[in-house]
Amino acid sequence: MTASTAPTAPAAPAAPPAAPPAPAPGGPPRRGAPRAGRTLHAGPLAYGILVVAVLFSAFPFYWTIVAASRSNAELAQVPPVLLPGPNLIENFGAVLEEADIGRALLNSLIVSGSITLGTVLCCTLAGFAFAKLRFKGRGALLAVTVGTMMIPPQLGVIPLFMLIAELGWVNQLQSVILPGLVSAFGVFFMRQYLTQSLPDELIEAARVDGASTARIFWSIVVPIARPGMAVLGLLTFMASWNDFFWPVVALTSSEPTVQVALRQLGGGYVHDQSVIMAGTLLGTLPVLLVFGLLGRQIVGGIMQGAVKG
């Protein structure tokens, strides 16, 4: 008699293989694409292009130093000299004798500083109003403001000179300062900057807390707009420092700015290029100083705009 065997249960089916993970939105990363948190390093080609750009940008300033430290005869040599010489202090003395460069530097500092402060303050106020405040005619006023940039400034020289003559401001610094206290470019620049950098939620929260418009401007708008104000300040200072056309019309040689005083250098039948270059070097140093003071704010503004983009 044989023993009966119990029937065995059927084997359970194998589990299906796990599905592959879904690709990230936007498709799989491309080969060689930078990953998040990875530091990008420039290659030799990028460094080479940067070195060439720096050399081309710095060579005019270096040549100004070389020409200002040499004599006029040495500058006429072929091939030209490429190293600074010993005549820098002598040429500076000639500049002080031929032109009242000290008074011109002081006048330019007063004019450029006043125009820069006024332009930055007024344009930031106007830019804030056009960017975040709601009032009737805002679009039309902005269009008129931007439209004035299309009018050549030379068209307003005669009526402007007649106005300052009626006020008795000819050969006075306020005749150069007041017409430049506000610029249409500055208003449009600050309006665009505050539109992108100033959230509406901050203004609404400040109004809920009971802050006035003036308090909002000084406590919220100004700290956020500081990088843009630095860029606008540097551009305005350089434009007013290098302005020649209107100062030469409104001022005389007794109250010159730097650009008007430089016109008096190198007189005679043979222009002394070394003395002219020495005066140009003196007139360039304050601009470099202002750029050194505002450079960090400018770089911060550029980096902030890059992150927002």
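Just so you know, these numbers come straight off a predicted model, no measurement behind them.

**Brief notes about the packing of helix α4 (residues 101–132) against helix α5 (residues 138–147)**
Two elements in contact, α4 and α5, have axes whose closest approach is 10 Å; the angle formed by their N-to-C orientations is 135°. Taken together, the axes of α4 and α5 are oblique relative to one another. When the axes of α4 and α5 are compared, the crossing they make is left-handed. Across from A129, F130 and A131 in α4, the residues of α5 making contact are R138, L141, L142 and T145. The class makeup of the residues in the contact of α4 with α5 is 5 nonpolar, 1 polar and 1 charged.

**Regarding unusual backbone geometry**
Phi is mostly negative for residues that are not glycine, and the peptide bonds are mostly trans. The residue after V78, namely P79, is reached through a cis peptide bond having omega 0°. By the secondary structure assignment, P79 is in the loop between α2 (72–75) and α3 (88–98). Positive phi, normally seen in glycine, also occurs at N171, with a value near 65°. Its place among the elements puts N171 in the loop between α6 (157–167) and α7 (174–177). Take N171: its relative accessible area is 22%, and that puts it in the partly exposed class.

**Quick look at the nonpolar core**
Core analysis: the largest hydrophobic core is formed by 22 residues, its most contacted members being F128, L194, L198, I216 and V221. Mapped by element, the contributors of at least two residues to this core are α4, α8 (184–197), α9 (200–208) and α10 (213–241). If sequence neighbours within four positions are ignored, I216 has contacts with F128, I203, A206, R207, A211 and V221. Among the nonpolar cores identified, the runner-up in size contains 20 residues, and A68, F92, L281 and V290 belong to it.

**Topic: the packing of aromatic side chains**
Under the counting rule described, the total for this entry stands at 5 aromatic pairs. A ring pair is formed by F217 and W218, whose centres lie 5.2 Å apart and whose planes are at 80°; its orientation type is edge-to-face. Its relative accessible area of 3% is what places F217 among the buried residues. Put simply, the rings of F128, F217 and W218 touch in pairs and so form one group of aromatic residues.

**Here we look at the packing of α4 against α10**
Packing of α4 against α10 brings their axes to within 7 Å, and their N-to-C directions diverge by 140°. Taken together, α4 and α10 sit at an angle that is classed as oblique. Judged by the sense of rotation from one axis to the other, the crossing of α4 with α10 is right-handed.

**Regarding the layout of surface pockets**
Within this model, the largest pocket holds a volume of roughly 1100 Å³. P153, P179, G180, V182 and S183 are, among the 31 residues lining the largest pocket, the residues nearest its centre. When residues of the lining of the largest pocket are traced back to their parent elements, those giving at least two are α4, α6, α8, α10 and α11 (245–250). No other element matches α10, which puts 5 residues into the lining of the largest pocket. For the lining of the largest pocket, a count of residues per class yields 21 nonpolar, 9 polar and 1 charged. Of the volumes computed, that of the second largest pocket is approximately 200 Å³.

**Considerations on empty space enclosed by the protein**
Inspection of the entire model under this criterion finds 1 cavity of 30 Å³ or more. Computed from the structure, the largest cavity encloses a volume of approximately 40 Å³. Contributing to the lining of the largest cavity are S108, V111, S112, V176, S240, W241, D243, P247, T257 and Q259. Elements that contribute at least two residues to the lining of the largest cavity include exactly α4 and α10. Top element by residues in the lining of the largest cavity is α4. It accounts for 3 residues. Looking at the lining of the largest cavity residue by residue, the classes come out as 4 nonpolar, 5 polar and 1 charged.

**Here we look at the pattern of salt bridges**
Applying the stated rule across the entire model yields 3 salt bridges. The salt bridge involving R70 is made with E74; its shortest N-O contact spans 3.7 Å. Since its relative accessible area comes to 21%, E74 is described here as partly exposed. A salt bridge links R103 to E255; the nearest nitrogen and oxygen atoms lie 2.5 Å apart. Within this pair, whereas R103 is found in helix α4, its partner E255 is found in the loop between α11 and α12 (258–262), the two being separated by 152 residues in sequence.

What counts, and at which threshold
Residues numbered from 1 in each chain as written. Predicted model: local features only at pLDDT ≥ 70, side-chain atom pairs only at ≥ 80, totals over all residues. Heavy atoms only, no water. Axes fitted to C-alpha atoms, helices over the stretch in contact; angles between N-to-C directions. Helix = DSSP H or I, 4+ residues; strand = E, 2+ residues; numbered from the N terminus. Parallel < 35°, antiparallel > 145°, perpendicular 65-115°, else oblique. Left-handed = near helix turned anticlockwise from the far one by under 90°. Contact = heavy atoms within 4.5 Å. Nonpolar A, V, L, I, M, F, W, Y, C, P; charged D, E, K, R; others polar. Buried < 20%, exposed > 50% of the residue type's maximum accessible area, 1.4 Å probe, protein only. Core = buried A, V, L, I, M, F, W, Y, C linked by side-chain atoms within 4.5 Å. Phe/Tyr/Trp six-rings, centres within 6.5 Å; stacked < 30°, edge-to-face > 60°. 1 Å grid on protein atoms, 1.4 Å probe; cavity = no way out; pocket = protein on both sides within 12 Å on 5 of 7 lines; lining within 4 Å. Points joined across faces, edges and corners; volume = space filled by probe spheres on them. Salt bridge = Lys/Arg side-chain N within 4 Å of Asp/Glu carboxyl O.

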